[in-house]
Amino acid sequence: LEVLRDPHRFKVLVWHRRAGKTTVSMAHLIMQSQLRVGVYWHVFPTYSEAKEAIWRDPNMLFKIIPEGLIAKKNENELVVQFTNKSILHLKGADQPDTFRGAGPYGVVWDEFQKQKVEAWHIVSKALARNGGWSMFVELRLAEIISMTFILEDKTPNSSNGRAGILKPPSRI
């Protein structure tokens, strides 16, 4: 898929309903966690949405992650530790202050249009410091246009500052 090969640090998935945005973004998180050891987040508007959409859905997280990559699972915190020591954490943006001080290398923002923008402002500073990336899914046109400006990369010597706006694949 184009999204998995696209070089932009910031990606915006402009895909229709039921096109597989969450599945593809989760696969991207898992792939990146195996390439660079670190902390990776999949953020929903609320913690309970993250739990329902990813953790409890039998066709999602534990169907996507090969069992041999999992070292530990913690359902109370919605955390998976991989055998290479990377960590995948499902989070809710409803309490953005809990994002302070963390340093994720990659963040998927699922249903970003419903999230508190303060969460992005907090996390973007950590991503700028560590060269991390973000993927935004399920956006309306107005948000897509504004994201192009919000995501202007201020990192010195960066060659991929603007967001890559990616259309849905013909099939997954």
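Residues numbered from 1 in each chain as written. Predicted model: local features only at pLDDT ≥ 70, side-chain atom pairs only at ≥ 80, totals over all residues. Heavy atoms only, no water.

Topic: the overall build of the protein
Turning to step 1, where the next piece is worked out: Helix and strand counts for the protein stand at six helices and eight strands.
Turning to step 2, where the next piece is worked out: For the protein, the N- to C-terminal ordering of α and β elements is α-β-α-β-α-α-β-β-β-β-α-β-α-β.
Turning to step 3, where the next piece is worked out: Residue pairs in contact within the protein that sit at least 24 positions apart in sequence constitute 66% of those at least 6 positions apart.
Turning to step 4, where the next piece is worked out: Total accessible area computed for the protein in this model is approximately 9,000 Å², and 52% of it derives from carbon and sulfur atoms. (Helix = DSSP H or I, 4+ residues; strand = E, 2+ residues; numbered from the N terminus. Contact = heavy atoms within 4.5 Å. Areas by Shrake-Rupley, 256 points an atom, 1.4 Å probe, with all protein chains shown as cover.)

Let's talk about the packing of aromatic side chains
Turning to step 1, where the next piece is worked out: Applying the stated criterion across every chain, the model contains eleven aromatic pairs.
Turning to step 2, where the next piece is worked out: An angle of 90 degrees between the planes, with centres 5.0 Å apart, marks the rings of Trp55 and Phe62 as edge-to-face.
Turning to step 3, where the next piece is worked out: On the basis of relative accessible area, Trp55 is assigned to the buried category, the value being 9%.
Turning to step 4, where the next piece is worked out: The interplanar angle of 80 degrees and the centroid separation of 5.9 Å between the aromatic rings of Trp109 and Phe112 together place this pair among those described as edge-to-face.
Turning to step 5, where the next piece is worked out: Among the aromatic side chains, those forming a connected cluster through ring pairs are Phe10, Trp41, Phe99, Trp109, Phe112, Trp120 and Phe136. (Phe/Tyr/Trp six-rings, centres within 6.5 Å; stacked < 30°, edge-to-face > 60°. Buried < 20%, exposed > 50% of the residue type's maximum accessible area, 1.4 Å probe, protein only.)

Focus: helix α2 (residues 21-35)
What sets the pattern is the α-helix's 3.6 residues per turn: residues three or four places apart point alike.
Turning to step 1, where the next piece is worked out: For α2, which comprises 15 residues, the first-to-last C-alpha distance of 21 Å matches the rise-based estimate of 21 Å (1.5 Å per residue) to within 8%.
Turning to step 2, where the next piece is worked out: Taken together, the buried positions of α2 are Lys21, Thr22, Val24, Ser25, Met26, His28, Leu29, Ile30, Gln32 and Ser33. (Expected span 1.5 Å × (residues − 1).)

Some thoughts on the nonpolar core
Turning to step 1, where the next piece is worked out: In this structure, Met26, Leu61, Ile65, Val80 and Leu88 are the most contacted members of the largest nonpolar core, which totals 22 residues.
Turning to step 2, where the next piece is worked out: If you list the elements that add at least two residues to this core, you get α2, β2 (39-44), α3 (47-55), β4 (79-82), β5 (87-92) and β7 (133-137).
Turning to step 3, where the next piece is worked out: Beyond its immediate sequence surroundings of up to four residues, Met26 is in contact with His42, Ile54, Leu61, Ile64, Leu88 and Leu90.
Turning to step 4, where the next piece is worked out: Counting 15 residues, the second-largest nonpolar core is a separate cluster that includes Val43, Ala93, Phe112 and Leu127. (Core = buried A, V, L, I, M, F, W, Y, C linked by side-chain atoms within 4.5 Å.)

Here we look at the side chain of Ser33
Turning to step 1, where the next piece is worked out: Looking at the element boundaries, Ser33 is found in helix α2.
Turning to step 2, where the next piece is worked out: Given the relative accessible area of 1%, Ser33 is considered buried.
Turning to step 3, where the next piece is worked out: Excluding residues that lie within four positions of it along the chain, Ser33 makes contacts with Tyr40, Phe82, Asn84 and Ser86.

Overview of the pairing of β7
Turning to step 1, where the next piece is worked out: Counting buried residues in β7 gives five out of five residues, a clear majority hidden from the surface.
Turning to step 2, where the next piece is worked out: Of the two faces of β7, the one holding Trp133, Met135 and Val137 and the one holding Ser134 and Phe136 are both buried throughout.
Turning to step 3, where the next piece is worked out: Pairing analysis gives four bridges linking strand β1 (residues 10-13) to β7, with the strands arranged parallel. What sits directly across from Leu13, in β7, is Val137.
Turning to step 4, where the next piece is worked out: Strand direction decides the pairing type here: strand β6 (residues 106-110) and β7, joined by five bridges, are parallel. If you follow Val108 over to β7, its bridge partner there is Met135. (Pairing = 2+ DSSP bridges.)

Points about the environment of Lys21
Turning to step 1, where the next piece is worked out: Along the chain, Lys21 turns up in helix α2.
Turning to step 2, where the next piece is worked out: Between the C-alpha atom of Lys21 and that of Val137, which follows or precedes it by 116 residues, the distance is 6.5 Å.

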